[in-house]
Amino acid sequence: MPEPWSNEQFMAQLRKVGESRYHDKHPYHVRMHEGKLSPEQVRGWVANRFYYQKNIPVKDALILSKLPSREDRRDWIQRIIDHDGRGDDEGGIEAWVRLGEAVGIPREEMLDERHVLPAVRFAVDAYVNFCRLRPWPEAVASSLTELFAPTLVSSRIGVFEKLYPWIRPEGLEYFRARLHQAPRDADQGVGLVMRECKTRKEQEAAVAALSFKCDVLWALLDALSLAYPDEENRA
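Definitions and limits used
- Every residue gets a number counted from 1 within its own chain, in the order that chain's sequence is written.
- Per-residue local features are limited, in this predicted model, to residues with pLDDT of at least 70; the limit for side-chain atom pairs, both in listing and counting, is 80 or more; totals at the level of whole chains, interfaces and linings are taken over all residues.
- Excluding hydrogens and water, the side-chain values take into account all heavy atoms of the structure.
- Here, nonpolar core refers to any group of buried Ala, Val, Leu, Ile, Met, Phe, Trp, Tyr and Cys residues whose side-chain atoms link them within 4.5 Å.
- The classification of residues rests on relative accessible area computed with a 1.4 Å probe and restricted to protein chains. Under 20% of the type maximum is buried, over 50% is exposed, and intermediate values are partly exposed.
- Secondary structure elements follow DSSP: runs of H or I no shorter than four residues count as helices, runs of E no shorter than two count as strands, and numbering proceeds from the N terminus.
- Contacts between residues were defined by any pair of non-hydrogen atoms, one from each residue, lying within 4.5 Å.
- When a carboxyl oxygen of Asp or Glu is within 4 Å of a side-chain nitrogen of Lys or Arg, the pair counts as a salt bridge.
- In this analysis the probe radius is 1.4 Å and the grid spacing 1 Å, with only protein atoms considered; a cavity is a set of points the probe fits into but cannot get out of, a pocket is an open set with protein on both sides within 12 Å along at least five of seven lines, and lining residues have an atom within 4 Å of a point.
- Grid points are joined across faces, edges and corners, and a volume is the space filled by probe spheres set on the points.
- Each residue is assigned to one class: nonpolar for Ala, Val, Leu, Ile, Met, Phe, Trp, Tyr, Cys and Pro, charged for Asp, Glu, Lys and Arg, and polar for all the others, Gly among them.

Peer 1: So what exactly am I meant to see when it comes to the nonpolar core here?
Peer 2: A general trend in soluble globular proteins is that nonpolar side chains are found buried together. By size, the foremost hydrophobic cluster in this structure holds 76 residues, and its most contacted members are Phe 10, Trp 45, Val 46, Trp 96, Phe 160 and Phe 175. By residue number, the principal contributor to this core is helix α11 (residues 200-227), which donates eleven residues. Sequence-distant contacts of Trp 96, defined by excluding residues within four places in its chain, comprise Trp 45, Val 46, Arg 49, Phe 50, Gln 53, Met 110, Tyr 174 and Phe 175.

Peer 1: Which parts of the structure should I look at to understand the pattern of salt bridges?
Peer 2: Two side chains bearing opposite charge may form a pair once their charged atoms approach each other closely. The final tally for this structure, using the stated rule, is 24 salt bridges. For Asp 185, the salt bridge is made with Arg 178, and the minimal N-O distance between the two is 3.5 Å. You can call Arg 178 buried: its relative accessible area is 10%. Among the salt bridges present, the one from Asp 185 reaches Arg 184, with a minimum N-O distance of 2.7 Å. For Arg 184, a relative accessible area of 33% translates into the label partly exposed. Through salt bridges with shared partners, a single network forms among Glu 90, Glu 94, Arg 98, Glu 101 and Arg 107.

Peer 1: Would you take a moment to explain empty space enclosed by the protein for this structure?
Peer 2: In this structure the tally under the stated criterion is two cavities of 30 Å³ or more. Considering the residues around the largest cavity, the lining is formed by 24 residues, among which Arg 49, Tyr 52, Ala 149, Tyr 174 and Arg 178 are closest to the centre. Secondary-structure elements contributing two or more residues to the lining of the largest cavity are α3 (39-64), α4 (70-84), α9 (149-163), α10 (173-196) and α11. Ranked by residue count, the leading element in the lining of the largest cavity is α3, at six residues.

Peer 1: Looking at this structure, how should I read the layout of surface pockets?
Peer 2: Over the atoms, a rolled probe matching the size of one water molecule traces out where space is still vacant. The computed volume of the largest pocket comes to approximately 220 Å³. For the largest pocket, the lining is made up of 16 residues, of which Gly 91, Gly 92, Ala 95, Glu 173 and Tyr 174 are closest to its centre. Along the lines of polarity and charge, the residues of the lining of the largest pocket split into three nonpolar, five polar and eight charged.

Peer 1: Teacher, can you tell me more about unusual backbone geometry here?
Peer 2: The backbone of Glu 113 sits at a positive phi, close to 60°, despite the residue not being glycine. With respect to the secondary-structure elements, Glu 113 resides in the loop between α6 (107-111) and α7 (118-133).

Peer 1: How should the environment of Asn 7 be read in this particular structure?
Peer 2: Within the fold, Asn 7 resides in helix α1 (residues 7-21). On the basis of relative accessible area, Asn 7 is assigned to the partly exposed category, the value being 42%. In the structure, Asn 7 is positioned 63 residues away from Arg 70 in sequence and 25 Å away in space, judged by C-alpha atoms.

Set out below in structure tokens:
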């Protein structure tokens, strides 16, 4: 068995996954950030991404149930609160519903999932099941797409404001909240993965878990590309 990576080498391997496989490189996403998506394509992305968003607290609850210490669980539970809300804080799921309304999708159409594509449902369910079935350090590692999210989210706010002025600005609150939530979550996740994955086998499993998560996000955009093609690619 090869020697374990140092923490610096391990971190470099995780970041390498994002550099090569994160979904910001998908053609559908590239077109979004170039301002080239039609309103129909934007609505398709928002409606289908909602199925992913609403399952984030589900996968986080599965991970929470496996964490070995009270201290770890007390930190991790904040992720569920961020999305489900608590008290006066309506949470990220509600914020995404409001994004749907801001792009012209009625609330009931978001909530009843009528626009969710079968391939999107399959990919997201596979991610939830991964977190249910795999050892918890791997499930935590799969969440480390948060390492790459803050820069993307910051860019997305500017893109939507400048290139899609028809989107009502109140719909962008979800992204503004993630600007401080995602770095905090990434730091926590990295700390747990570095603490638990000490052998080369465990480290490679963590890298593979992150690659799998990137594949899930890429698959969502593949499905959207087929369902909402550019005008020149329509049959």
